[in-house]
Amino acid sequence: MEHVLSTYLFSREPLGSEALAAVARAGIGAVELYSAPGHVNYRSPEQVRELGRWLEGNRLALHSVHSPMDRGGRQGREGGAPISIAEPERLRRIDAVDEIKRALEIAEQIPFRCLVQHVGSGHEPLDDRHQEAAFNSLEILVVFARQRGVKIALENTPGDLSSPDALMDFLRQTRLADLGLCFDTGHARLGEGVEPSFERMRDRVVTTHIHDNHGELDEHLVPFEGSIDWEAALRLLANAPAELPLVLELKEPAAGGWAPALERAAAALERMETIAGGQPRPAGRN
């Protein structure tokens, strides 16, 4: 399985070469860029070029980009004005689409595979207005992404609008064939559970967010530090129609900084590979 680390772990500060060098030293070969104000200025061609040089210098690939979710707040964290593709008010929705396009333009300088996209901001209800708004947004964004070699992957998040069932119904009803899904283990644990959530999404999953929690809060812990059954979870991932990457999306601990968390993350990936290696290979896989 491909190992990827989201730069969400470093999002309390501007992303720099030091953090990316630490990822490479940990033996992780690719990153997902977390598009947050104060963390990376994806609107700046100069900063994107510099990011490309840092990645190349550390022999890291850019696997994916997490779509921007807000316009600022505390540095590198959510909390500002939300960016939602499910916004029914037309001008706000157009503004959200334009902001997401700026993040997709990273692919013009640094190729990447997936843009991970939230359907809403987490507060919208599951109704026709919000689903129609999301469809109108994605109809534009899917084409814009395809032109840059990127596939949009909708993430299961807490809330009715982006539950596994709602996402699958949305894909069936809209018939936006180029859309995929991002399976988030921590969000699944907070909902119906990892196994039932994955089984609903499995045929359209193209990437993952891997993190742990204790079933009450979205803690974004290193795997094996919460209560997810990782042997069962890895068995599910191994039986997906296509091989999936392990994209760790971890929160920097309140104490100790990101360096110890990165060490534990690398150890967790080794442990996950050991578990996966001891399981029967799915039929039809070479």
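Here, every reference points to the structure presented above.
Calculation criteria
Residues numbered from 1 in each chain as written. Predicted model: local features only at pLDDT ≥ 70, side-chain atom pairs only at ≥ 80, totals over all residues. Heavy atoms only, no water. Helix = DSSP H or I, 4+ residues; strand = E, 2+ residues; numbered from the N terminus. Rg over C-alpha atoms; globule rule 2.2 N^0.38 Å. Buried < 20%, exposed > 50% of the residue type's maximum accessible area, 1.4 Å probe, protein only. Contact = heavy atoms within 4.5 Å. Areas by Shrake-Rupley, 256 points an atom, 1.4 Å probe, with all protein chains shown as cover. Lys, Arg positive; Asp, Glu negative; His and termini not counted. Charge placed at Lys NZ, Arg CZ, Asp CG, Glu CD. Pairing = 2+ DSSP bridges. Right-handed = clockwise from strand over helix to strand, strands pointing away. 1 Å grid on protein atoms, 1.4 Å probe; cavity = no way out; pocket = protein on both sides within 12 Å on 5 of 7 lines; lining within 4 Å. Points joined across faces, edges and corners; volume = space filled by probe spheres on them. Nonpolar A, V, L, I, M, F, W, Y, C, P; charged D, E, K, R; others polar. Phe/Tyr/Trp six-rings, centres within 6.5 Å; stacked < 30°, edge-to-face > 60°. Lys NZ or Arg CZ within 6 Å of the ring centre and 35° of its normal.

**Student:** Go over the overall build of the protein with me, naming the residues and quoting the values.
**Tutor:** When helices and strands are counted, the protein shows 9 helices and 8 strands. The C-alpha atoms of the protein give a radius of gyration of 18 Å, which matches the 19 Å a tight globule of 286 residues would have. For the protein, the spread of C-alpha atoms along the three principal axes comes to 50 × 40 × 35 Å. The 286 residues of the protein split such that 53% are buried. For the protein, the share of sequence-separated contacts (at least 6 apart) that also reach a separation of at least 24 residues comes to 77%. Surface exposure of the protein reaches about 12800 Å², of which carbon and sulfur atoms provide 47%. Computing the positive centroid from 31 side-chain charges and the negative centroid from 44, the protein places the two 4 Å apart.

**Student:** Any details on the pairing of strand S2 (residues 30-34)? Residues and values, ideally.
**Tutor:** Burial within S2 is extensive, with 5 of its 5 residues counted as buried. The alternating pattern of S2 places Ala-30, Glu-32 and Tyr-34 on one face and Val-31 and Leu-33 on the opposite face, and all of these are buried. In this structure, strand S1 (residues 3-6) lies alongside S2, joined through 3 bridges in parallel fashion. Each residue of the ladder has a partner; that of Ser-6, found in S2, is Glu-32. Crossover connection from S1 via helix H1 (residues 17-25) to parallel S2: handedness right-handed. One ladder, built from 5 bridges, connects S2 with strand S3 (residues 61-66); its direction is parallel. Bridging from a neighbouring strand, Ala-30 pairs with Ala-61 of S3. In this fold, the crossover linking S2 to S3 by way of helix H2 (residues 45-57) has right-handed handedness.

**Student:** So what's going on with empty space enclosed by the protein? Which residues, and what values?
**Tutor:** The final tally for this structure, using the stated rule, is 3 cavities of 30 Å³ or more. Lining the largest cavity are Val-119, Gly-120, Gly-122, His-123, Glu-124, Thr-157, Pro-158, Gly-159, Asp-160, Leu-161 and Ser-162. Of the residues assigned to the lining of the largest cavity, the class counts are 3 nonpolar, 6 polar and 2 charged.

**Student:** Which residues make up the packing of aromatic side chains, and what values go with them?
**Tutor:** Going through the model one piece at a time under the given rule, you end up with 4 aromatic pairs. Where Phe-183 meets Phe-198, the ring centres are 5.0 Å apart and the plane angle is 75 degrees; that geometry is what we call edge-to-face. Remark: Phe-198 occurs in helix H7 (residues 194-201) and Phe-183 occurs in strand S6 (residues 180-184); sequence separation between them is 15 residues. The residues Phe-183 and Phe-198 share a single accessibility class, namely buried. Both rings, one in Phe-224 and one in Trp-230, keep their centres 6.2 Å apart while their planes meet at 55 degrees; by these two values the pair is tilted. Phe-224 gets classed as partly exposed once you look at its relative accessible area, which sits at 24%. A relative accessible area of 3% places Trp-230 in the buried class. The ring of Phe-144 carries Arg-148 above its face, with NZ or CZ at 3.6 Å from the centroid.

Geometry only, nothing functional implied.
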